[in-house]
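# Examining the three-dimensional arrangement
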Amino acid sequence: MNRVVFISKRRLQWYLILAVAVVLTGAYVGWQQSKPTTAPIGNGPQVKQVQTVEFMTTDASGKQQEAYRFDPGTIVVQKGVEVELRLSGTNGDSHPFVIQGLGVSGEVAKGKTTIVKFTPKQAGTYAIVCTAHTDPPMVGYIVVQ
Ligand SMILES: [Cu+2]
């Protein structure tokens, strides 16, 4: 059975206003949540967390393949503000690394966190390269804006 409901023009206007308010509220909340959380508070450092992870599989011939990665593979920071990079060793015994172009190096050991600090002076993309795992390469990127 069909039921026909009549809505007055005035009530329809209120529903439209309510719908617009709901949409605008949702858009505002979404915009607030999409703001970067990496912005430094005051002059504090930009703290970034990176983990060493491992991918392992067995190919069709039965040979085991493994690859290490920095995760996340790309981080974004602001130039001129100190960066505190925390590298945690989740997989792999040791990952000696260099950040090319920034003069930063260190080593990440399994179960430990290595903290390096630097202040990027120029915008650009800098590679963080593990010198132990080169085939396939273990590389991440620091994008300085
Ligand atoms: Cu490595």
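Higher on the page you've got the structure.
The paragraphs below set out a description of the structure included in this document. (Residues numbered from 1 in each chain as written. Predicted model: local features only at pLDDT ≥ 70, side-chain atom pairs only at ≥ 80, totals over all residues. Heavy atoms only, no water.)

## Looking at unusual backbone geometry
Between Asp71 and the following residue, Pro72, the backbone shows a cis peptide bond with an omega angle of 5°. Relative to the elements of secondary structure, Pro72 occurs in the loop between β2 (64-71) and β3 (74-77). Residues Asp135 and Pro136 are joined by a peptide bond in cis, for which omega reads 0°. Structurally, the position occupied by Pro136 is in the loop between β8 (124-134) and β9 (137-144). (Helix = DSSP H or I, 4+ residues; strand = E, 2+ residues; numbered from the N terminus.)

## Re the sheet that holds strand β6 (residues 104-109)
Spatially, the five strands line up as an open sheet ordered β3-β9-β8-β5-β6, and their pairing is mixed. The sheet terminates laterally at β3 and β6, the two strands that pair on one side only. Sheet twist, expressed as the average angle between the axes of neighbouring strands with direction ignored, equals 20°. One ladder, built from seven bridges, connects β8 with β9; its direction is antiparallel. In the sheet register, Ala127 faces β9, and the bridge partner there is Tyr141. (Pairing = 2+ DSSP bridges. Axes fitted to C-alpha atoms, helices over the stretch in contact; angles between N-to-C directions.)

## Side note on the coordination of the copper ion
Around the copper ion, the protein supplies His95 (ND1), Cys130 (SG), His133 (ND1) and Met138 (SD) as donor atoms, at distances of 2.0 to 2.4 Å. What the four donor atoms of the copper ion show is an angle range of 93 to 128° at the metal, which sorts the shape as tetrahedral. Look at where the donors of the copper ion fall in the sequence and you get H-x34-C-x2-H-x4-M. By the burial criterion, Cys130 is buried, and Met138 matches it. (Donors = N, O, S within 2.8 Å, 3.2 Å for Na, K, Ca; no water. Tetrahedral: all angles 85-135°; square planar, octahedral: opposite > 155°, others 65-115°. Buried < 20%, exposed > 50% of the residue type's maximum accessible area, 1.4 Å probe, protein only.)

## Notes on the pattern of salt bridges
Two side chains bearing opposite charge may form a pair once their charged atoms approach each other closely. According to the stated counting rule, one finds two salt bridges in the structure shown. Between Glu84 and Arg86 there is a salt bridge, with the nearest N and O atoms lying 2.7 Å from each other. Among the residues examined, Glu84 registers a relative accessible area of 9% and is labelled buried. Here Arg86 falls in the partly exposed class, since its relative accessible area comes to 31%. Between Lys117 and Glu84 there is a salt bridge; the shortest N-O distance is 3.8 Å. Here Lys117, found in strand β7 (residues 113-118), pairs with Glu84, found in strand β4 (residues 83-89); they are 33 residues apart in sequence, far enough to count as distant. Judged by relative accessible area, Lys117 falls into the exposed class, the value being 51%. Each of Glu84, Arg86 and Lys117 takes part in a single network of salt bridges with overlapping partners. (Salt bridge = Lys/Arg side-chain N within 4 Å of Asp/Glu carboxyl O.)

## Some remarks on the pairing of β6
Relative to β6, strand β5 (residues 94-99) runs antiparallel, the two sharing six bridges. Within the sheet, the bridge partner assigned to Ile99 lies in β6 and is Val104. In textbook terms, the turn of a hairpin is the stretch between consecutive antiparallel strands, and for β5 and β6 this stretch comprises four residues, one of which, Gly101, has a positive phi near 90°.

## Description of the nonpolar core
In this structure, Phe70, Leu85, Leu87, Phe97, Ile99, Phe118 and Ile142 are the most contacted members of the largest nonpolar core, which totals 21 residues. Sorting the residues of this core by element identifies β2, β3, β4, β5, β6, β7, β8 and β9 as the ones contributing at least two each. (Core = buried A, V, L, I, M, F, W, Y, C linked by side-chain atoms within 4.5 Å.)

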